Amino acid sequence: MDLSCTPEEEEFRARLREWLGTVLPTLPAAPPPGDWPGRRAYDLGWQRMLYDAGYAHVHWDASPTLRLIFLEETEQAGAPYVGANFVGLLHAGPTIAAEGTAGQRARWLPPILRGEQVWCQGFSEPDAGSDLASLRTRARRDGDAYVVTGSKIWTSHAEVADWCELLVRTDPAAPRHRGLTWLALPMDAEGVTVRPLRTLAGSAEFAEVFLDEVRVPAANRVGEENDGWRVTLVTLSFERGTAFVGEVVACRRVLTGLARAARDNGRWDDPALRRRLGRLDAEFRALWRLVQWNVSAAEANGGVPGPGGSVFKLRYSHARQDLYDAAAEVLGPDGLDLDRPWVLDRLSSLAYTIAAGTSQIQRTIVAERILGLPRGR
C-alpha cells in the first residue's frame, strides 16, 4: 500500500503550513479549561477562521489523506483543537455526510463547518455503556414526530450543545440491534434537561441528559427507522478510526517535551527511564504508520474507516496512558501538582480505555471482524 503523498497533497500541506504560520500568532489567549461557554466561543471562532480560509471542508469533502495532512499540520503548529465541537466535526458531521439525505446534509453540515453549532453525543446510558445495543431510551412514532423518553450519560459537551446525535429504541419487540434509530435532537426542545458531571480532573465536559416526552421531528431521522445500529457503526468507525489522529501527533510532541524535561531535572541519567521513553517513541511512530494505513484503507472504501480503527483505538488508548505514567515519573513529586504540565492530561488519559468503546469491546471487534473468530455465546 502506497503511504506517500502526491505532489498535489504536498502542495496542500505547504499552503496550510504557511497559513497557520501567519494566523496563529494573531489568536487571543484560550479560556481556562473549565470555562466551557468561553471554550465554545473560542473553538467556534477558530472554526469560522478555518471556514473563511477554505480549510473547513477537509473534514468531509476532502480525501482521507488531505484530512490526515490537515490534522497533522494543525497539531504540529499548536493550532486550537476542535474542542467543544469535536462530536459535530468528527462524529455526527461525517455520519450525516455519509448517511444523510441531501436535505439533511444541506441543513446541518454548513452550520457545523461555519462554526455556528455544537453537537453532543447521546449514546451511552447508565445501564448501556459497553453493551450499547441494550439501551432503553424509547421513541414512539406520533404522526410526523418521535416522542422520546429516557436518559443518557457521559454526553460530551451537552451543556453547550445545540444538537445531539441520539440513539433510541423504536421497536422494543425487535432483536436489540435491529430496533434502534439514529435521531438528531435539538437540545432546546421542551422536555430536555441537562445535568453536568464533574470528572476526576475537576472539569465538567460530560453531562447526564434526561428526556421527558421530547418531540423530535421524523425528518431528523438519519437512515431508516430501526436501522440505527448500522448508522451508529458508521459513527463509531469515524470516532475510532480518524477522530484520534491529531492526538497521536500531540502525544509525540509531549514525548519530546518529556525528554527535554528529564534532561533538565537530571532524570535522564536513569537508563530505565530512557528505555521507557525510547519504547514510547517507537510505539507512537508505529501508531502513526497505522493511522496512515487506516486512512489509505478508508480512501479505498469510500472514505468510511473500517474495523482497523479498533486496532488503532485499542493500542492508542493504552499507549497514551503509558505516556502520561512516564510523565509522572519524569515530574516526580511535581506529578501531584495540578498546575504542572501533563498532570491533568494524565488524569484524563485514564478514560481513554473506556471512551469510544472500552478496550474489551475493541478486542471483541478485532477478534470477530478482523481475525474471523467465532462470536462468543
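Located above this text is the structure these notes cover.
Residues numbered from 1 in each chain as written. Predicted model: local features only at pLDDT ≥ 70, side-chain atom pairs only at ≥ 80, totals over all residues. Heavy atoms only, no water.

Chemist: Whenever I open this one, the overall build of the protein chain confuses me. Can you help?
Modeler: Helices and strands together make up the secondary structure of the protein chain, namely 11 helices and 8 strands. Pairs at least 24 apart in sequence give 74% of the contacts found in the protein chain among residues at least 6 apart. Summing over all exposed atoms, the protein chain offers an accessible surface of approximately 17300 Å²; the carbon and sulfur share of this is 53%. (Helix = DSSP H or I, 4+ residues; strand = E, 2+ residues; numbered from the N terminus. Contact = heavy atoms within 4.5 Å. Areas by Shrake-Rupley, 256 points an atom, 1.4 Å probe, with all protein chains shown as cover.)

Chemist: Would you mind showing me how to read the pattern of salt bridges here?
Modeler: Oppositely charged side chains are able to pair whenever their charged atoms sit close together. Overall, the coordinates contain 25 salt bridges when judged by the stated rule. Measuring nitrogen to oxygen at the nearest pair gives 2.9 Å for the salt bridge that ties D43 to R39. In this pair, D43 and R39 both sit in helix α2 (residues 36-53), 4 residues apart, roughly one turn of the helix. Assessed through its relative accessible area of 3%, D43 is described here as buried. Note on R39: relative accessible area 17%, which makes it buried. Between E283 and R315 there is a salt bridge, and its shortest N-O distance comes to 2.4 Å. Placement of E283 in helix α8 (residues 271-299) and of R315 in helix α9 (residues 308-331) is noted, with a sequence separation of 32 residues between them. A relative accessible area of 15% places E283 in the buried class. Linked through salt bridges whose partners overlap, the residues forming this network are E10, R13, R17, E72 and E73. (Salt bridge = Lys/Arg side-chain N within 4 Å of Asp/Glu carboxyl O. Buried < 20%, exposed > 50% of the residue type's maximum accessible area, 1.4 Å probe, protein only.)

Chemist: Sorry if this is basic, but what is going on with the environment of R169 here?
Modeler: On the secondary structure map, R169 appears in strand β4 (residues 163-169). Note: C-alpha distance between R169 and L180 (11 residues apart in sequence) is 4.4 Å. Ignoring anything within four residues of it in the chain, the contact list for R169 reads A133, S134, L135, T137, R138, A139, R176, G179 and L180. From its side chain, R169 meets the backbone oxygen of A133 in a polar contact 2.5 Å long. (Polar contact = N/O pair within 3.5 Å; in protein donor to acceptor, adjacent residues only side chain to side chain.)

Chemist: It is not clear to me how the packing of aromatic side chains should be interpreted in this structure. Could you clarify?
Modeler: Tallied over the full model, the rule gives 7 aromatic pairs. Seen from their ring centres, W19 and Y55 are 5.3 Å apart, and the 45° between their planes marks the pair as tilted. With W19 in helix α1 (residues 7-23) and Y55 in the loop between α2 and α3 (64-76), this residue pair connects regions lying 36 residues apart in the sequence. Here the aromatic rings of W154 and F206 are separated by 5.8 Å at their centres, their planes lie at 85°, and the arrangement is edge-to-face. In this pair, W154 sits in the loop between β3 (145-152) and β4 while F206 sits in strand β7 (residues 206-217), placing the two residues 52 residues apart along the sequence. Each member of the aromatic cluster is reached from another via a ring pair, and the members are F12, W19, W46 and Y55. The ring of W268 carries R263 above its face, with NZ or CZ at 4.1 Å from the centroid. (Phe/Tyr/Trp six-rings, centres within 6.5 Å; stacked < 30°, edge-to-face > 60°. Lys NZ or Arg CZ within 6 Å of the ring centre and 35° of its normal.)

Chemist: Teacher, can you tell me more about the nonpolar core here?
Modeler: The tendency in soluble globular proteins is for nonpolar side chains to be buried side by side. Counting residues in each nonpolar core, the largest one holds 44 residues, and the members touching the most others are F284 and L323. At the level of elements, α1, α2, α3, α7 (245-265), α8 and α9 are the ones that each hand at least two residues to this core. (Core = buried A, V, L, I, M, F, W, Y, C linked by side-chain atoms within 4.5 Å.)

Chemist: Where do I start with the pairing of strand β2 (residues 138-142) in this structure?
Modeler: For a regular strand, the rule is simple: side chains alternate between the two faces of the sheet. Bridge count between β2 and β3: 5 bridges; the pairing is antiparallel. Looking across to β3, one finds that A139 is bridged to V148. (Pairing = 2+ DSSP bridges.)

Chemist: For this particular structure, what's the right way to read the packing of α1 against α2?
Modeler: Packed helices, taken two at a time, are described by the angle between their axes plus the distance between the axes. Between α1 and α2, the least distance of the axes is 13 Å, while the angle of their chain directions is 135°. Relative to α2, α1 is oriented oblique. α1 and α2 meet at a crossing whose hand is right-handed. Of the residues in α2, those touching α1 at W19, L20 and V23 are W46, M49, L50 and A53. Residue composition of the contact of α1 with α2, grouped by class: 7 nonpolar, no polar and no charged. (Axes fitted to C-alpha atoms, helices over the stretch in contact; angles between N-to-C directions. Parallel < 35°, antiparallel > 145°, perpendicular 65-115°, else oblique. Left-handed = near helix turned anticlockwise from the far one by under 90°. Nonpolar A, V, L, I, M, F, W, Y, C, P; charged D, E, K, R; others polar.)

Chemist: I would appreciate a short explanation of α1 in the present structure.
Modeler: Each α-helix turn comprises 3.6 residues. Residues three or four places apart therefore point the same way. End to end, α1 covers 25 Å across 17 residues, agreeing with the expected 24 Å (1.5 Å per residue, within 8%). Three or more residues of α1 are buried, namely E9, F12, R13, L16, W19, L20 and V23. Within α1, the buried residues cover an arc of 135° as seen down the axis, which keeps them to one side. Exposed residues lying more than 90 degrees from the buried face of α1 are P7, E18, G21 and T22. Structurally, α1 contributes buried residues whose contacts are with α2 and α3. (Expected span 1.5 Å × (residues − 1). Arc of directions from axis to C-beta.)

Chemist: What should I look at first to understand the packing of α3 against α7 in this one?
Modeler: It is at 8 Å that the axes of α3 and α7 come closest, and there the two elements cross at 35°. As for how α3 packs across α7, the hand of that crossing is right-handed. For the pair α3 and α7, the contacting residues are L68, L71, E72, E75 and Q76 in the first and V245, G246, V249, A250 and R253 in the second.

Chemist: Just to check I follow, could you spell out the side chain of E208 for this structure?
Modeler: By the element assignment, E208 lies in strand β7. Ignoring any residue separated from it by four or fewer positions in sequence, one finds E208 in contact with K152, I153, T193, V194, R195 and L197.

Chemist: How should I be thinking about helix α5 (residues 102-113) in this particular structure?
Modeler: An ideal rise of 1.5 Å per residue puts 16 Å on 12 residues; α5 measures up with 16 Å between its terminal C-alpha atoms. In this structure, the buried side of α5 is in contact with α2, α4 (86-99), β1 (119-122), β4, β5 (180-186) and β8 (221-222). One or two steps after α5, the chain reaches G115, where phi turns positive at roughly 75°.

Chemist: Teacher, can you tell me more about the side chain of E75 here?
Modeler: Along the polypeptide, E75 turns up in helix α3. Look past the residues within four positions of E75 in its chain and what remains in contact with it is G246, V249, A250 and R253.

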